[in-house]
Amino acid sequence: MRRVLPIWQVGDATQPGRKREQEIQCRACPRGRHEGEIRRSAQSILATSLRDEIIDVRSPAEYAEDHIPGAINCPVLDNEERARVGTLYTRTSSFEAKKVGAAIISRNIANHIDAAFSTRPRTWRPLIYCWRGGKRSGSLSMVLGQIGFKVTLIEGGYKAFCLEMKQVYWHTGDRGSMAVWWIASTPRGRERGGGGWA
């Protein structure tokens, strides 16, 4: 039986400062979401302890450039595979790229399950993110959710996380929060912490 899981996002247009419940629908899943998957805004996730491990599924090059401190890299596409799929997407068609990407991602996820996740207990709660689109993190979260793990995704990926940290730091005046930790702990945070935000 599938569970429909609510998420909490900070802010409500009708009542500022109040949290509201919102369901996120997945276009690929008949009922709109994968079993065991919860999607949350970056700030609400990192401000709580709703995770046992943070998993960055981006390529090793993306991970090396910048990542959430404490995250481990379990890429569903390595650097060459990501370039290959991206080239197919732009030069041939999105359909062909998705077919090739799905096959590669499936093999890589199987390898990660064998190598990294096979010893995790049923109560393990991974937080998974990719850059922004959610296809890479969604692929791994769907499989781990089907196994029975309670998976959480950062809605909008690392890009949304960076923007939320910027917003908290510069617009709310909250200088004692997760935003300060991010700015001090990551290359992207240090680069943009001085006001160089795009």
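If you're wondering where the values come from, they're calculated on a predicted model, not measured in any experiment.

(A) Spatial organisation of helix 4 (residues 94–117). What helix 4 keeps buried is the set Ala-97, Gly-101, Ile-104, Ile-105, Asn-108, Ile-109, His-112 and Phe-117. Buried residues in helix 4 make contact with strand 4 (53–56), helix 3 (79–91) and helix 5 (135–147).

(B) Here's a closer look at helix 3. Taking 1.5 Å per residue, 13 residues should reach 18 Å; helix 3 reaches 18 Å between its end C-alpha atoms and fits that length. In this structure Asp-78 caps helix 3, since a side-chain oxygen of it lies 3.1 Å from the backbone nitrogen of Glu-80.

(C) Region of interest: the nonpolar core. Counting 19 residues, the largest nonpolar core has Ile-55, Val-57, Phe-117, Ile-128, Leu-140 and Leu-144 as the members making the most contacts within it. Residue contributions to this core peak at 5 residues, all from helix 4. When neighbours within four sequence positions are excluded, Phe-117 is seen to be in contact with Ile-55, Cys-74, His-112, Trp-124, Leu-140, Leu-144 and Phe-149. If you look at the next biggest cluster of nonpolar residues, it comprises 11 residues, including Tyr-63, Ile-68, Cys-162 and Met-165.

(D) Spotlight on the packing of helix 3 against helix 4. Running from N to C, helix 3 and helix 4 cross one another at 160 degrees; their axes reach a closest spacing of 7 Å. Relative to helix 4, helix 3 is oriented roughly antiparallel. Here helix 3 runs over helix 4; the crossing is left-handed. Seen from helix 3, the contacting residues are Glu-81, Arg-84, Val-85, Leu-88 and Tyr-89; seen from helix 4, they are Ser-94, Glu-96, Ala-97, Val-100, Gly-101, Ile-104 and Asn-108.

(E) Region of interest: the side chain of Arg-136. With respect to the helices and strands, the residue Arg-136 is situated in helix 5. Residues contacting Arg-136, with those up to four places away along its chain left out, are Val-57, Arg-58, Ser-59, Glu-62, Val-76, Leu-77, Arg-82, Cys-130 and Trp-131.

(F) Main features of the pairing of strand 7 (residues 151–154). Going residue by residue along strand 7, you find Val-151 and Leu-153 tucked away on one face and Thr-152 and Ile-154 tucked away on the opposite face as well. Of the pairings in the sheet, the one linking strand 6 (residues 126–129) to strand 7 comprises 2 bridges and is parallel in character. For Leu-127, the partnering residue across the bridge sits in strand 7 and is Thr-152. At this point the chain moves from strand 6, through helix 5, to the parallel strand 7, and the crossover so formed is right-handed.

(G) Representation of the side chain of Ser-59. Tracing the chain through its elements places Ser-59 in the loop between strand 4 and helix 2 (60–65). Look past the residues within four positions of Ser-59 in its chain and what remains in contact with it is Asn-73, Pro-75, Leu-77, Asp-78, Asn-79, Arg-82 and Arg-136.

(H) Main features of the packing of aromatic side chains. With the rule as written, the count across this model stands at 5 aromatic pairs. A ring pair is formed by Tyr-158 and Phe-161, whose centres lie 5.6 Å apart and whose planes are at 25 degrees; its orientation type is stacked. Of the two residues, Tyr-158 and Phe-161 both sit in helix 6 (residues 157–171), 3 residues apart, roughly one turn of that helix. When its relative accessible area of 0% is taken as the criterion, Phe-161 is described as buried. Among the aromatic residues, those joined into a cluster by ring pairs are Tyr-129, Trp-131, Tyr-158 and Phe-161. Just above the ring of Tyr-158 sits the side chain of Arg-58; from NZ or CZ to the centre is 4.9 Å. Over the aromatic face of Trp-124 sits the side chain of Arg-120, whose NZ or CZ is 5.2 Å from the ring centroid.

(I) Fine view of the pattern of salt bridges. Enumeration according to the criterion identifies 6 salt bridges in this entry. With its nearest N and O atoms 3.0 Å apart, the salt bridge here joins Arg-120 to Glu-53. In this pair, Arg-120 is assigned in the loop between helix 4 and strand 6 and Glu-53 in strand 4, connecting sequence segments 67 residues apart. Since its relative accessible area comes to 23%, Arg-120 is described here as partly exposed. We classify Glu-53 as buried; its relative accessible area is 17%. For Lys-99, the salt bridge goes to Glu-96, with nearest N and O atoms at 3.3 Å. Residue Lys-99 and its partner Glu-96 are both found in helix 4; the two are separated by 3 residues, about one turn of the helix. Given a relative accessible area of 29%, Glu-96 falls into the partly exposed group. One continuous salt-bridge network, built from bridges that share partners, spans Glu-62, Arg-82 and Arg-136.

Parameters at a glance
- Residues numbered from 1 in each chain as written.
- Predicted model: local features only at pLDDT ≥ 70, side-chain atom pairs only at ≥ 80, totals over all residues.
- Heavy atoms only, no water.
- Buried < 20%, exposed > 50% of the residue type's maximum accessible area, 1.4 Å probe, protein only.
- Helix = DSSP H or I, 4+ residues; strand = E, 2+ residues; numbered from the N terminus.
- Contact = heavy atoms within 4.5 Å.
- Expected span 1.5 Å × (residues − 1).
- Polar contact = N/O pair within 3.5 Å; in protein donor to acceptor, adjacent residues only side chain to side chain.
- Core = buried A, V, L, I, M, F, W, Y, C linked by side-chain atoms within 4.5 Å.
- Axes fitted to C-alpha atoms, helices over the stretch in contact; angles between N-to-C directions.
- Parallel < 35°, antiparallel > 145°, perpendicular 65-115°, else oblique.
- Left-handed = near helix turned anticlockwise from the far one by under 90°.
- Pairing = 2+ DSSP bridges.
- Right-handed = clockwise from strand over helix to strand, strands pointing away.
- Phe/Tyr/Trp six-rings, centres within 6.5 Å; stacked < 30°, edge-to-face > 60°.
- Lys NZ or Arg CZ within 6 Å of the ring centre and 35° of its normal.
- Salt bridge = Lys/Arg side-chain N within 4 Å of Asp/Glu carboxyl O.

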